[in-house]
Each structure stands twice: as C-alpha cells, then as structure tokens.
Amino acid sequence: MNSFNYIELVRPALPEIFLALAVMALLMLGVFQKSGTEAAAADSARLVTGLSVVTLVLAVFLVGVDARGRDEAFCGMFVTDPFAVFWKILVLIGAALTLVMSGDYLVRKGLARFEYSILVLFATLGMMMMISANDLIALYLGLEMQSLSLYVIAAFQRDDARSSEAGLKYFVLGAVASGMLLYGSSLIYGFSGTTNFNDLAELFYAGQAQPPSIGVIVGLVFILSGLAFKVSAVPFHMWTPDVYEGAPTPVAAFFAAAPKLAAVALLVRVMIGPFGDLLPQWQQIIVFISIASMILGAFAAVNQRNIKRLMAYSSIGNVGYALIGLAAGDETGVRGVLIYMAIYLFMTLGTFACILAMKRGDRMVEEISDLAGLGKTHPMMALALAIFMFSLSGIPPLAGFFGKLYVFLAAIEAKLYALAVIGVLSSVVAAFYYIRVVKVAYFDDPVQPLDTPVNRSIGVVLVLTATIVLFFFAYPGPILTGAAAAAASLFGG
Amino acid sequence: MIVKALAFYMFSLVAVGAGVLVISSRNPVHSVLFLILAFFNAAGLFVLMGAEFLAMILVVVYVGAVAVLFMFVVMMLDINFVALREGFLQYLPLGALVGLILLAELLVIVGGWTFAPSAAGVGAPPRAAIANISNTHALGKILYTHYIYLFQASGMILLVSMVGAIVLTHRRREGVRRQDIGRQLARSAKASIELKKVEPGKGI
C-alpha cells in the first residue's frame, strides 16, 4: 500500500461530504420511523428536523474551522476560499433558521413529514456545491441539485392547488432557465475548449491581442440569463410572486433566503472569476438588470395586498440593489454585494418569521390588513416587524441602511452615478410600501386580533434576527471583515 | 472481413425492417416489440464498431427501461390508437419535407468530407484512441478519477429526484391488501382448512 493521503485529497470538500452523508443517514432514519398516523408522522418529522438543524450547525463549524485560504479539490472542479466560506456560512444559517421556524406551520397544515427537512438539506448541499463550483459542469450539477429539491418543496402541499401550481410553474420556468444556462455553457466550451474556471480566466485575460470571439459573448449572455432567473432579477422575475404566494410560507421564507444568496454568490463568482476581464462586455447587462429590478421591485409592490407577494417584489428589488455592487466589478463592489446579502438574509428571515406568526384561530392569514392593530395586541412582534420594515427601506441606524450604503459607495467609486441615483430614488419609492406595513400595524384599529402567544421557536428566530438588524451598527466587525477578506480572495489578494 | 460485412448487413437490414414495422403495424403491442428488436440490432451495430459500452447502455436503458415503460403505457392506459392514427396521412408532406431537409444536411456533411479532406479532422475526437484497453475500461478510469466529483454529484441528484417523486405522489391508501409474509407463514392447515361432509342432494 502506498501512503497516499486520501483525506487530504478531498479535504476542501469535507463540509459537503459530511452534509451528504448526514442527509442520507437522516433519510434512512426517517424512512424507518413509524409514520402510520398523523401524530406519528409529526413525531418523526420533529426528530428529523431537529437532527437536521444539528447537522447544519455542525456543517457551519466544519466550514469555519477548515477555512485556510484558497484550496482546490477534484482536479480543480471544486474550490474553497474565504469567498466560499462567507457565503456557505450564511446559507447554512439561513437553512437552519428556516427549519427552526417552519415546524409549527407544517404541523398545523398537516404537512409534517420528514422529507421536508431532507429536501431542505439536499437543497443546501446543492447550494454549497454551487458556491464552490470551479467548473461549468460542477456549477450546473450544484444548481440542478438545488433546483430539483426546491421544485419539490414548492409543491409540498400537494393537495392545495396553489402550491401545486407554484411547484409546476417554478419547475417549467426553471427548466427553461437551465436550458439557457446549458446552451451558454456549451457555447463557451465550444469556443474555448475548456470548462474549468481557471483556464477560462487565463483564456479571456485582458492583455490579449485579439478580443474574445462573438460565440463567447453569446454564451456569456446565455449563462447570465440562466443565472438571472435563479436570482429572480428582471426580466426573469415573473415566477417569483406566484411561487412565493402559492408555496407554503416556510418554503417561501427559504426561497427568499438561502437559494437567493447561493445564486447571487454563483453569479458573482462566475462573472468575476472566469469572465472578470470581460467586464466591458457584461457590465452593461448587469447595469440594466439591476436598474430594471430596482424599479420593478419598487413600483410593482405598491399595490400588493398579500404580504408574501409584497416580500416577493421586495426580494426582486433587493437583488437589484445587490447587483449594483457586481456592476461596479471591483473589490469594493463585491464587498458591497457580500455585506448587502448578509444583511438581507437576516431582514428577510425576520420578516418571514413575523408572517409565520400571523395566525387567527386555526387559519394562517397573510393579508397586510390582517396586521391591523398589531401594535396593541402584540407589542413585541410589532416592534420586530417595524425594525425589519425600517431596515428594508434603508433607514439609519438599522442594518439595511449600511447594506445600501456600501453598494452605493461602490457604484460612486466606479463612476456609475446613474445607477446610484436610480437606486436611491427607487428605495424612496420602496420605503412607501414598507412603512405602510408599519402604519397598518400601529395606527389601524384591530378588526380581529391575531392569536397570542407567538410560537416559541418562531419567537427565538424573531428575537435573534431583530437583534442582529438593530445592533449591526454597534458591532459590524464580523460581517465587514469577513466580507472584505472574501472579496479580496476573489480578486487574488 | 466478409463475416463482419455480412453481420453488418444483417443487423442493419433487420433494424430498418423493424423500424418500418414499428410505425406500420396495427397493434401497438407489436409496435413496441418491433421497437425492441430495432434496439437490439442497433446494439449489434455498435458492437461491430467497437463501441461495446454504448451497446450495453442501449440494451440496458432503452430495452430495459424505456421499451418496458412504453409497454406499460400501451397495455395499461386505455388509449384508442386507431383514433390517434386517423388523419395520419395528412402530415405526410410535412414529414417528407423534414426528411428531405435532414437528408440534404447529411449530404452536405458527407460531401464536405469528400471535397475538403482536412475538414474530417474537425469531427475527430480530441484524443487518440487508447490502445489495448476496452472503452468501458477507459470510461471507468476517467469517471472514477478525474470526474469522480461530478459522478457522485449526479448520483445525489438522482437520489433527490427519487425522494421528490415519492414525496409528491406516494399516498397511504386504506383497504389495500398487502402481503404479510409473517401472517402467511403463521397460518396452519388446521386453522385454515375446514372439512365438511356434504350430503348427497344438498348444498352446504
């Protein structure tokens, strides 16, 4: 036997391997639990969900402990660097918090089956693979693993027509997006002869005498379209409101948090990594997508009555703001994207925790008008909701203000003045509908109060996210330094 | 050499004949059986070309899974194939046009090889064929080393799709008579057989 160290060979992918093995073990555990009656199914779901949260927390530690600069595995198809570590920790936190707060809703709707947590874990594994992809094929496989799990959990409430519709709609449009992505990848491969990101970056090095061929540009645009669908940026956003509204609320919370972060991470890695020196070619596309998303997110949400649809348009707008940083295309810009999305994660999860706490009797309600009088009946929850809404509209000193500040600063430094001005103006418009929610909660008379008390696990998520959003300005260190290191690692610093 | 040529003509003639019978036979079950025959002969052609892995995949995937799936659809769903077939001939001009276009494209490609021999190199594989190693072996060597990550990831994706299909379609039904092997074995002849004396001219 030779003394070749196999563990060292796959060490960069250790968190992923751990997660994959854990998912399979939990799947077996769930299958062999008794699930004859609804109560037994709920018990096994609770057990598997609990263990899934533990798995995710362990994965966070594995990701964090093993962070040691740039490292590649599997013949350069898998890469881990501070950039990947930053995103992976956020995605894992997002998935764990979603699992924590979804249990009550699923039991109430008779959806408590252990496959829910299994599919969330599979999706998370796919997201980690996306974030670490260093090859077009690895990118596609990670994306597909994530998307397939998401299609299924969107339709998880299979007896409900709207949930099935959401799943089907997401599946069909997602398949189209995957097709575009694959077509773009095949063009890139055909015109360059490689799928590896390092080789592509070398091929498209800016110092070359001849400009990149038209086939590469067309391929790049196709890849960009496919990824824009996954981050739900305009003009590929049409599925978002319907899917968020139709899918069970915890699923919508998950969609708005973890997968969106992973897709933005992937977009940043693909654009800055292999195609970084083609910035002049893709910058205008990102600028357009960003402006269109911000404007649509601001104006389309004004008329929404359903708070899940409102959050869908809000997430479209927020992706627009994050893409401002990518449009800048430099280290400051990427740092802005990282900070923005980190803060967005906590604001969104917090808001969805509030939505999950909205129940009256046995029914879950999701109209904005149902929040009337929340300030009197649920002072703490109303306070948390107000914090998230003010933060989403970017009022200092809440966290959302700093997120916007860093991307706008990057845009100004990159001389993208129009982008920054449109961003500020559209966030003024967006502030209208965010603050209207606060007005309804505090100044409208309650028609019929929501149930008290709020479920304990949802309360924990609410307090945690609200604390982070409220006190970010006092202790911004971890996110700021992490984002700076991550952005630097992407630019070879 | 002559044996190889004979085998080629046998496989290809049977494949083409079976293909014609697939679309012309009246009974859909016969169509599926002819389809399986066509697949087997195509697999034989692959073996003749030295692509034994493709031949195996063709048999395992197309015959083993796809054709059996067709068979299930044909036999279990109540589809009126005669009604489907009505007005079949009105699509003939369009079908013929598509066929002609494909033929013309093939001629352009083959003509290109004849007129510009250097163009044939474009379609050649990027690496020379590995000598004295079967292509199954060669595929295994690259799939389990260089592409192990993608191979395993694909496996996980298939697992996800399996879990997803079960989550979305599996329902626990009441009143299903499941086989319970324990109960079957626990039965004794004494408990389950009852002897009755039937008097002549009377029922039980």
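Procedures and definitions
Residues numbered from 1 in each chain as written. Chains lettered and ligands numbered in written order. Predicted model: local features only at pLDDT ≥ 70, side-chain atom pairs only at ≥ 80, totals over all residues. Heavy atoms only, no water. Helix = DSSP H or I, 4+ residues; strand = E, 2+ residues; numbered from the N terminus. Rg over C-alpha atoms; globule rule 2.2 N^0.38 Å. Contact = heavy atoms within 4.5 Å. Areas by Shrake-Rupley, 256 points an atom, 1.4 Å probe, with all protein chains shown as cover. Lys, Arg positive; Asp, Glu negative; His and termini not counted. Charge placed at Lys NZ, Arg CZ, Asp CG, Glu CD. Buried area = accessible area lost by both parts, 1.4 Å probe. Salt bridge = Lys/Arg side-chain N within 4 Å of Asp/Glu carboxyl O. Polar contact = N/O pair within 3.5 Å; in protein donor to acceptor, adjacent residues only side chain to side chain. Nonpolar A, V, L, I, M, F, W, Y, C, P; charged D, E, K, R; others polar. Domains from an automatic or database assignment. Axes fitted to C-alpha atoms, helices over the stretch in contact; angles between N-to-C directions. Parallel < 35°, antiparallel > 145°, perpendicular 65-115°, else oblique. Left-handed = near helix turned anticlockwise from the far one by under 90°. Core = buried A, V, L, I, M, F, W, Y, C linked by side-chain atoms within 4.5 Å. Buried < 20%, exposed > 50% of the residue type's maximum accessible area, 1.4 Å probe, protein only. Expected span 1.5 Å × (residues − 1). Bend = angle between axes of the 7 residues up to and from the residue. Phe/Tyr/Trp six-rings, centres within 6.5 Å; stacked < 30°, edge-to-face > 60°. Lys NZ or Arg CZ within 6 Å of the ring centre and 35° of its normal.

Draft legend 1. Molecular detail of the overall build of chain A. Looking only at helices and strands, chain A features 20 helices and 4 strands. The globule rule puts the C-alpha radius of gyration for 493 residues at 23 Å, and the 22 Å found for chain A is close to it. Principal-axis analysis of the C-alpha atoms gives chain A an extent of 70 × 60 × 40 Å. Of the contacts made within chain A by residues no fewer than 6 positions apart, 81% connect residues no fewer than 24 positions apart. Entry remark: accessible area of chain A is about 17900 Å², with carbon and sulfur atoms responsible for 68%. Computed over 28 positive and 30 negative side-chain charges, the inter-centroid distance for chain A is 7 Å.

Draft legend 2. Here's a closer look at the interface of chain A and chain B. Residue-level contacts link 27 residues of chain A with 20 residues of chain B. A combined buried area of about 2200 Å² lies between chain A and chain B, and 79% of that area is made up of carbon and sulfur atoms. Considering only the side of chain A, the residues that lose the most area to chain B are M77, L141 and R158 of chain A, jointly responsible for 26% of the buried surface there. At the surface where chain A touches chain B, the tally comes to 0 salt bridges. Across the chain A-chain B interface, the total number found is 4 residue pairs in polar contact (both at pLDDT 80 or more). Put simply, the parts of the chain that give the side of chain A that touches chain B at least two residues each are α2 (14–31), α5 (115–131) and α6 (136–154) of chain A. Tallying contributions element by element places α6 of chain A first for the side of chain A that touches chain B, with 8 residues. Grouping the amino acids of the side of chain A that touches chain B by side-chain chemistry returns 19 nonpolar, 3 polar and 5 charged.

Draft legend 3. Region of the structure containing the domain arrangement of chain B. Residue and element names in this part refer to chain B. Segmentation of chain B into domains returns domain 1 (1–80) and domain 2 (133–167). Between the C-alpha centres of domain 1 and domain 2 there is a distance of 26 Å. Approximately 320 Å² of surface area, both sides summed, lies buried where domain 1 meets domain 2, with 51% of it carried by carbon and sulfur atoms. Counting the contacts that link domain 1 with domain 2 gives 0 salt bridges. Summed over the shared surface of domain 1 and domain 2, the result is 4 residue pairs in polar contact (both at pLDDT 80 or more). Among the residues forming the side of domain 1 that touches domain 2, the class breakdown is 3 nonpolar, 1 polar and 1 charged.

Draft legend 4. Representation of unusual backbone geometry. All names here are of chain A. Omega for the bond connecting V234 with P235 falls within 30 degrees of zero, at 5 degrees, which places this linkage in the cis form. In this structure, P235 sits in the loop between α9 (214–230) and α10 (239–246). The linkage connecting P396 with the following residue, P397, adopts the cis geometry, with an omega of 5 degrees. Along the polypeptide, P397 turns up in the loop between α16 (379–392) and α17 (399–413). Look at S232: it is not a glycine, yet its phi comes out positive at around 55 degrees. By secondary structure assignment, the location of S232 is in the loop between α9 and α10. With a phi close to 65 degrees, K415 is a non-glycine residue in the positive phi region. Mapped onto the fold, K415 is located in the loop between α17 and α18 (417–443).

Draft legend 5. Here's a closer look at the packing of helix α4 (residues 82–108) of chain A against α5 of chain A. All names here are of chain A. Taken N-terminus to C-terminus, the directions of α4 and α5 make an angle of 165 degrees; their axes are 10 Å apart at the nearest point. Judged by the inter-axis angle, α4 sits roughly antiparallel to α5. α5 is crossed by α4, and the crossing has right-handed handedness. Counting all contacts with α4, which are made through A84, W87, K88, V91, L92, A95, L99, S102 and L106, the residues of α5 involved are Y116, S117, V120, T124, M127, M128 and I131. Here the contact of α4 with α5 is built from residues that sort into 12 nonpolar, 3 polar and 1 charged.

Draft legend 6. Summary view of the nonpolar core. In terms of nonpolar packing, the biggest core is built from 196 residues, with W87, I153, W282 and L326 of chain A touching the most fellow members. In this structure W87 of chain A touches I131, L261, V264, A265, V337, L338 and M341 of chain A, once residues within four positions along its chain are discounted. In this structure, V22, L35, I36 and F39 of chain B belong to the second largest nonpolar core, which totals 6 residues.

Draft legend 7. Highlighting helix α11 (residues 249–272) of chain A. Here α11 of chain A contains 24 residues, and its C-alpha end-to-end distance of 34 Å stays within 8% of the 34 Å for a straight helix at 1.5 Å per residue. Taken as a whole, α11 of chain A carries its principal kink of about 35 degrees at F255 of chain A; the proline P259 of chain A stands between one and four residues after it.

Draft legend 8. How the structure looks around the pattern of salt bridges. Residues and elements named next belong to chain A. Tallied over the full model, the rule gives 16 salt bridges over all chains. A salt bridge links K88 to E16; its shortest N-O distance comes to 2.7 Å. Taken as a pair, K88 in helix α4 and E16 in helix α2 lie far apart in primary sequence, 72 residues in all. Comparing K88 with E16 shows no difference in burial state: the two are buried. Between D370 and R360 there is a salt bridge whose closest N-O contact spans 3.4 Å. Here D370 is found in the loop between β4 (363–364) and α15 (374–377), whereas its partner R360 is found in strand β3 (residues 359–360), with 10 residues between them in sequence.

Draft legend 9. Up close: the side chain of T195 of chain A. Residue and element names in this part refer to chain A. With respect to the helices and strands, the residue T195 is situated in the loop between α7 (161–192) and α8 (197–203). At 3.1 Å, the side chain of T195 forms a polar contact with the side chain of D135. With residues near it in sequence (within four places) discarded, T195 still touches D135, L136, I137, Y189 and L200.

Draft legend 10. View of the packing of α6 of chain A against helix α7 (residues 148–169) of chain B. Look at α6 of chain A against α7 of chain B: their axes get within 9 Å of each other, and the N-to-C directions meet at 10 degrees. With respect to their mutual orientation, α6 of chain A and α7 of chain B come out roughly parallel. Where α6 of chain A abuts α7 of chain B, its residues I137, A138, L141, E144, M145, L148, S149 and V152 of chain A lie against Y149, L150, A153, S154, M156, I157, V160, G164, V167 and L168 of chain B. Of the residues in the contact of α6 of chain A with α7 of chain B, the class split is 14 nonpolar, 3 polar and 1 charged.

Draft legend 11. Layout of the side chain of K308 of chain A. Residue and element names in this part refer to chain A. You can see K308 is positioned in helix α13 (residues 307–328). A distance of 3.4 Å separates a polar atom in the side chain of K308 from a polar atom in the side chain of T249. Ignoring any residue separated from it by four or fewer positions in sequence, one finds K308 in contact with Y244, E245, A247, P248, T249, A252, F352, I355 and E366.

Draft legend 12. Seen up close, the packing of aromatic side chains. Residues and elements named next belong to chain A. Using the criterion set out here, one finds 21 aromatic pairs over all chains in the structure. Ring centres of Y321 and Y340 lie 6.2 Å apart, and the angle between their planes is 40 degrees; on these two criteria the pair is classed as tilted. Placement of the pair is Y321 in helix α13 and Y340 in helix α14 (residues 331–356), with a sequence separation of 19 residues. Assessed through its relative accessible area of 4%, Y321 is described here as buried. Its relative accessible area of 3% is what places Y340 among the buried residues. Grouped by ring-pair contacts, the aromatic residues Y151, Y170, F171, F229, W239 and F255 constitute a single cluster. The ring of F156 carries the charged tip of R113 above its face, separated from the ring centre by 4.8 Å.

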